[in-house]
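Examining the three-dimensional arrangement
Below, each chain spelled out in residue letters.
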Amino acid sequence: MNTEMSGMILMYALTVVLAIPLGRYIGKVYNNDKTWLDRIFNPVDKIFYRLSGIDPLKEMNWKQHLVALLTINLFWFLLCMFVLMNMSWLPLNPDKNPSMTADLAFNTAISFISNTNLQHYSGETGMSYFGQLTVMLFQFISAGCGMAIAATVFFAMREKTTEKLGNFYFLFVRSCTRILFPAALIVAFFLLFNGTPMTFAGKDTITTLQGDTVQVSRGPAAAFVPIKHLGTNGGGFFGSNSAHPFENPNYFTNIVEMVTQMLIPIAMIFALGYILKRRKLALMILGVMTVGFMLLLVPTVVGEIHGNPAIAKMGIGQTMGNMEGKEVRIGSAASAYWSIATTVISTGSVNAMHDSFMPLGGMNQMLGMMVNCFYGGVGVGFLNFFVFIILAVFISGLMVGRTPEFLGKKIEAREMKIAMIIALLHPLLILTGTAISSYLYAHHPGTYTGWLSNPGYHGFSEMLYEFSSSSANNGSEFSGLNGNTPFWNIADGVVMLLSRYLPIIGPVAIAGSLAAKKYVPESAGTLKTDTATFGLMVFAVIAIVAALSFFPALALGPIAEYFSLY
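Read on for an overview of the structure. (Residues numbered from 1 in each chain as written. Predicted model: local features only at pLDDT ≥ 70, side-chain atom pairs only at ≥ 80, totals over all residues. Heavy atoms only, no water.)

Examining the pattern of salt bridges
The following threshold applies: By definition, a salt bridge exists where a carboxyl oxygen of Asp or Glu is found within 4 Å of a side-chain nitrogen of Lys or Arg. Starting at the N terminus, helices and strands are each numbered in turn, a helix being any DSSP run of H or I of at least four residues and a strand any DSSP run of E of at least two. Each residue gets one of three labels from its accessible area relative to the maximum for its type: buried under 20%, exposed over 50%, partly exposed in between, using a 1.4 Å probe on protein chains only.
With the rule as written, the count across this model stands at 10 salt bridges. Linking Glu 247 and Lys 228 is a salt bridge whose minimum nitrogen-to-oxygen distance equals 2.4 Å. Taken as a pair, Glu 247 in the loop between helix H8 (221-230) and helix H9 (251-276) and Lys 228 in helix H8 lie far apart in primary sequence, 19 residues in all. On the basis of relative accessibility, which here comes to 0%, the residue Glu 247 falls in the buried class. For the salt bridge of Lys 517 with Glu 415, the shortest nitrogen-to-oxygen distance reads 3.0 Å. Remark: Glu 415 occurs in helix H15 (residues 413-443) and Lys 517 occurs in the loop between helix H18 (486-515) and helix H19 (532-547); sequence separation between them is 102 residues. Judged by its relative accessible area of 2%, Glu 415 is buried. Through salt bridges with shared partners, a single ionic network connects Asp 38, Asp 45 and Arg 178.

Some thoughts on the packing of helix H2 (residues 38-52) against helix H7 (residues 168-192)
Formally: Axis definition: a line fitted to C-alpha atoms, limited for helices to the stretch in contact. Angles are taken between N-to-C directions and run from 0 to 180 degrees. Throughout, the term roughly parallel applies to angles under 35 degrees, roughly antiparallel to angles over 145, roughly perpendicular to angles from 65 to 115, and oblique to all others. For any helix crossing, the convention is left-handed if the near helix is rotated counterclockwise from the far helix by under a right angle, and right-handed if that rotation is clockwise. Note on contacts: a residue pair qualifies if any of its non-hydrogen atoms lie within 4.5 Å across the two residues. Residues are grouped as follows: nonpolar covers Ala, Val, Leu, Ile, Met, Phe, Trp, Tyr, Cys and Pro; charged covers Asp, Glu, Lys and Arg; every other residue, Gly included, is treated as polar.
Where H2 meets H7, the closest approach of the two axes is 11 Å, and the angle between their N-to-C directions is 135 degrees. Compared by their axis directions, H2 and H7 come out oblique. Relative to H7, the crossing made by H2 is right-handed. Here H2 contributes Asp 38, Phe 41, Asn 42, Val 44, Asp 45, Phe 48 and Tyr 49 to the contact with H7, which in turn contributes Tyr 169, Phe 170, Val 173, Arg 174, Thr 177, Arg 178, Phe 181 and Pro 182. The class makeup of the residues in the contact of H2 with H7 is 9 nonpolar, 2 polar and 4 charged.

A few points about H15
Applied cut-off: Multiplying 1.5 Å by the helix residue count minus one yields the expected span of that helix. In this analysis the local bend is the angle between axes fitted, respectively, to the seven residues ending at and the seven residues starting at the residue.
A rise of 1.5 Å per residue sets the reference length of H15, with its 31 residues, at 45 Å; its end C-alpha atoms lie 43 Å apart and thus fit the reference within 8%. At Leu 425, H15 shows its largest kink, close to 30 degrees, and the proline Pro 427 lies no more than four residues downstream.

Some words on the environment of Gly 287
Along the chain, Gly 287 turns up in helix H10 (residues 279-306). According to the relative accessible area criterion, Gly 287 is partly exposed, its value standing at 33%. Considered as a pair, Gly 287 and Ala 201 are 86 residues apart in the sequence and their alpha carbons are 47 Å apart.

Side note on the environment of Leu 185
Here Leu 185 lies in helix H7. The class for Leu 185 is partly exposed, based on a relative accessible area of 42%. Distance in space between the C-alpha atoms of Leu 185 and Thr 260 is 12 Å, their sequence separation being 75 residues.

Quick look at the structure:
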């Protein structure tokens, strides 16, 4: 157990140590400062611009940024639908896997375009290699879009008075070619040399030690897995995701994948400090996020280490902790660490089955998605946090009797209305979806009983988790829920669509509005937003507006289940 604890400390320390220079590099990439990769990727970027007819130097306002984002996402969604519904006759399908039904293709296409990667299919049997490579491309695209739109907000925060916020396509292309692709290439080599397969051959026939003949799925997994984590996508090449020994062969690859999925979300905060030249503001944001992360992580790790009291009552020893649904090569503590990281940063990949965690561990996983701003996904994690900054500035201004200001711009009614709508959208989608599904399950048992393998408190938690994951664009699941049904495919798809783009549109609209306002120089009475005191205010707003909204639902699910064990 001491080794596992050391491993967790090492993983987090490595992430922060690497994130500091990476954040500075990301800031240089977006500022168009000279970097050492320019000589390699400048010609590549020019090819993309020439083929698409895009002028990367043309300045855009915030509305044009959003139009560009939504336009290219619509195009990729339609293309993805076509590929998924026609995989059976398209190339690279050596195992003859079938095409998807319309409702499953709808769910999957939205899932990968929205950076959710919720999977109601098993990769080995539900996708051809061509389908896998298509959604791998979308993992670059969705992550690049999130990073580009975050950079747009950074520019809006930096400028004193302007309507021009750079060029979306320029930021998007550089996010993919200068940041995501080189990092994915490095991670792919680590995985490849540790046993992750990279082949286009079909299933392999092997004979086990006990003499059985089995068919083992393989494929170009080494190319797929790196961007799944670097882009906080989370989609697994195989059905069991990073619990599968081909996706995550050993403890070293577990460290690599754990570091890479947290790396860019934290590095984006340092990039913010570099672009704005406000290091203390970046550290305040990082501090609030880290406190929230630790408050979810520590009790989850402790709970899994102590094991299941119901098993202890039977006199069964649990020296390794609660190992149900976990891999022995990883352990209970490292699995708990992964589970909180992947739900806090909206990756959604798993190295253990979240359905098997202790009730309060499952609750903390849900809270990470319900809050959805402690690090968060690449780019969009900061956008969610930005909304809470605006709310905290407004409340703080009222408390001291001053007109609320943030970075020299007055926060007025328009910005507050948008911020509150976005802040309340998340609980609305989660709680409304859970209420509808609970009603259908309870009042139409003949039709919907196949949804749940676990009735009662845990069954409610499975449905609550599903909508929390969809609304947070996370993608992980309590796998006791049978999600591949028309109801869940369509309901999750609609929630993923709304929860991806509205929380992008809102913060960008706020940032664009503030950027166009007259700059007000700081004075002795200006509220300082880069202090620990303001950080506490932001944390309080997050706790009240986000976390407490879900307490009644959590009391009906994981909290009730926890007390039923004793």
